[in-house]
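Residues per chain, in single letters:
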Amino acid sequence: MKAAVFHAQEDLRVEEVTEPTPGPGQVKLRNAFAGICGSDLHVYYSPEAAGLDFDHPHPVTGSTLPQILGHEFSGTVVELGEGVTNVKVGDRVAVWPIYYCGECPACRKGMFNACQKIGFHGLSSNGGGMAAFTTVDASKLHALPENVDLRMGALVEPMSVAWHAVSRGHLTAGQTALIAGAGPIGIGVWFALKARGVERVLVSEPSAERRAIIAALGATVVDPVNEDLAAAVAALTDGAGVDAAFDAAGAGPAITSALASLTPGGRVVVVAIHERPMEFLPTQLVMGETEIAGALAYLPEDFDAVIDAMSRGVYDTTGWVQEVPLEGVVDAIHALRGGAGAKILVQAD
């Protein structure tokens, strides 16, 4: 079968590999679509900077290079391993791709998404979604209802990142929010807020292309470089400031402006990965009793919540999701690195 196989920095090849066979407790999936994530860009261009150690076997999975990429994907069950009873052949599924140790302080608290030895199927496993087939533990499967197609199913993973971040914002219906960044995760945060009844939302995005994409979905947008962000926040909130702000940009100024936009008692949720340190004055937190929180990945219940919202028609892929064949994955990575497009799905089969 064909697969997108990562061999080394900037060495990703579409090549023939052996078709996998499911072991006990596993299923074999015919993959449908796999999204290209920001993590995939980090792996391709600078795995060490992304904190990935491919020189040693992964402490949970034992995986080493070469690695088939694709950790946000959907597929159809085509074969069952011994002992699998929770799914059947023909089921269409999304895959919760996290591997965790079960022993570290985070795991003991049920925070498997923050495991100190965390791994992902398609980043640190012996397979991934950018291939015709993969095998995965049946316990990681989340069934898709009839009205959620496989294309949408491949978006469950990134949308769950955003859903989990919104959970960390502690918002309720009728409150207000600011989103910094209108890439795929920023778009996902906007949908997750909408699903929870948070309608007064401002999206701050310097890219005209990305502003146009999310505005077409119905969002209120502002250019933080050439427009007055503070005035836009004041207009949205009658001068009170937002209840929560979400950093989906990964830039220091996004956090600085988010802190300045909060109402007293508000919270900034950092969901983006930052490549550079930043400075801020902690007294900002003291004077308004505001908070900064992090949000990493997702839990299985986030997958369930996103799939339910998808089945209710909350999500719309118009204008921000495009598809490429498996052979086009490297060109797609280069395009995303250059700032083009929003979300690219690789047709796995």
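Just above sits the structure.
Residues numbered from 1 in each chain as written. Predicted model: local features only at pLDDT ≥ 70, side-chain atom pairs only at ≥ 80, totals over all residues. Heavy atoms only, no water.

> Which parts of the structure should I look at to understand the overall build of the chain?
Counting its secondary structure elements, the chain contains eleven helices and 18 strands. Its C-alpha atoms give the chain a radius of gyration of 20 Å, within 12% of the compact-globule value 20 Å for 349 residues. For the C-alpha atoms alone, the extent of the chain along its principal axes is close to 60 × 40 × 40 Å. In the chain, 70% of the contacts between residues at least 6 apart in sequence involve partners at least 24 apart. (Helix = DSSP H or I, 4+ residues; strand = E, 2+ residues; numbered from the N terminus. Rg over C-alpha atoms; globule rule 2.2 N^0.38 Å. Contact = heavy atoms within 4.5 Å.)

> Would you take a moment to explain the sheet that holds strand S15 (residues 262-270) for this structure?
As a general point, the strands of a sheet are linked pairwise by backbone hydrogen bonds and lie either parallel or antiparallel. Spatially, six strands are ordered S13-S12-S11-S14-S15-S16 in an open sheet, and the strand pairing comes out parallel. Two strands close off the open sheet at either side, each with one partner strand: strand S13 (220-222) and strand S16 (291-294). Strand-to-strand twist in this sheet, taken as the mean axis angle between neighbours without regard to direction, amounts to 20°. Of the strand pairs in this sheet, strand S12 (residues 200-204) and S13 are connected by three bridges, and their pairing is parallel. Bridging across to S13, Ser204 finds its partner in Val222. Its contacts with the sheet place helix H8 (residues 252-260) against strand S11 (176-180), strand S14 (242-247), S15 and S16, and it is angled at close to 155° to S15. (Pairing = 2+ DSSP bridges. Axes fitted to C-alpha atoms, helices over the stretch in contact; angles between N-to-C directions.)

> Honestly, unusual backbone geometry in this entry has me stumped. Any pointers?
Trans is the common state for peptide bonds, and a negative phi is the common state for residues other than glycine. Cis geometry marks the peptide bond from Leu65 to Pro66, where omega comes out at 0°. With respect to the helices and strands, Pro66 occurs in the loop between helix H1 (38-45) and strand S4 (67-68). Notably, His170 is not glycine yet its phi reads approximately 55°, a positive angle. By the element assignment, His170 lies in the loop between helix H4 (156-168) and S11. Under the relative-accessibility criterion, His170 is labelled exposed at 54%. (Buried < 20%, exposed > 50% of the residue type's maximum accessible area, 1.4 Å probe, protein only.)

> Just to check I follow, could you spell out the pattern of salt bridges for this structure?
Inspection of the entire model under this criterion finds nine salt bridges. For Arg13, the salt bridge identified is with Asp11, shortest N-O distance 2.8 Å. A relative accessible area of 38% means that Arg13 is categorised as partly exposed. The partly exposed category is assigned to Asp11, whose relative accessible area is 23%. Put simply, Glu72 and Lys343 hold a salt bridge, and the shortest N to O gap is 2.4 Å. Linking Glu72 in the loop between S4 and strand S5 (73-80) with Lys343 in strand S18 (residues 343-347), this pair joins segments that are 271 residues apart in sequence. Of the two residues, Glu72 and Lys343, both sit in the buried class. (Salt bridge = Lys/Arg side-chain N within 4 Å of Asp/Glu carboxyl O.)

> Sorry, what's going on with the environment of Ala258 here?
By the secondary structure assignment, Ala258 is in helix H8. It is 7.6 Å that separates the C-alpha atoms of Ala258 and Asp247, two residues lying eleven residues apart in sequence. Apart from residues lying up to four places away in sequence, Ala258 is in contact with Leu178, Ala245 and Val268.

> Quick question: what am I supposed to make of the side chain of Glu157 here?
Relative to the helices and strands, Glu157 resides in helix H4. This buried residue, Glu157, is left without a salt bridge; Lys343 holds the nearest opposite charge, at 6.1 Å. Leave out the neighbours within four places in its chain, and Glu157 touches His71, Glu72, Pro97, Tyr298 and Phe303. (Lys, Arg positive; Asp, Glu negative; His and termini not counted.)

> Where do I start with the packing of aromatic side chains in this structure?
Both the distance between ring centres and the angle between the ring planes are used here to describe each pair of aromatic rings. On inspection of all chains with the given rule, the structure shows seven aromatic pairs. Pairing Tyr298 with Phe303 gives two aromatic rings, centres 5.2 Å apart and planes at 65°, and the pair type is edge-to-face. Classification of Tyr298 as buried rests on a relative accessible area of 0%. Through a chain of ring-to-ring contacts, three or more aromatic side chains come together here, namely Trp190, Phe191, Tyr315 and Trp320. Here Lys140 stacks its cationic end above the ring of Tyr99, 4.5 Å away from the centre of that ring. (Phe/Tyr/Trp six-rings, centres within 6.5 Å; stacked < 30°, edge-to-face > 60°. Lys NZ or Arg CZ within 6 Å of the ring centre and 35° of its normal.)

> What's the story with the side chain of His58 in this structure? I'm lost.
With respect to the helices and strands, His58 occurs in the loop between H1 and S4. Within the structure, the side chain of His58 is placed 3.0 Å from the backbone nitrogen of Val60, a separation counted as a polar contact. At a separation of 3.0 Å, a polar atom in the side chain of His58 contacts the main-chain carbonyl oxygen of Ile118. Those residues in contact with His58 that sit more than four places away from it in its chain are Ser63, Lys117, Ile118, Gly119 and Ser124. (Polar contact = N/O pair within 3.5 Å; in protein donor to acceptor, adjacent residues only side chain to side chain.)

> Help me understand the sheet that holds strand S2 (residues 11-16) in this model?
What the three strands build is an open sheet, ordered S2-S1-S4; its pairing is antiparallel. Of all the strands in the sheet, the pair left with one neighbour each is S2 and S4. Of the pairings in the sheet, the one linking strand S1 (residues 2-8) to S4 comprises two bridges and is antiparallel in character. Bridge assignment links Phe6 to a residue of S4, and that residue is Gln67.

> I keep staring at the packing of helix H5 (residues 184-195) against helix H6 (residues 208-216) and nothing clicks. Help me out?
Any two packed helices are characterised by the angle at which their axes cross and by the distance between the axes. Contact pair H5 / H6: the axes reach a minimum separation of 11 Å and the direction vectors enclose 25°. In terms of their interaxial angle, H5 and H6 are classed as roughly parallel. H6 is crossed by H5, and the crossing has right-handed handedness. Judged by residue contacts, Pro184, Gly186, Ile187 and Trp190 of H5 engage Arg210, Ile213 and Ile214 from H6. (Parallel < 35°, antiparallel > 145°, perpendicular 65-115°, else oblique. Left-handed = near helix turned anticlockwise from the far one by under 90°.)

Spatial relationships are all this shows, so hold off on functional conclusions.
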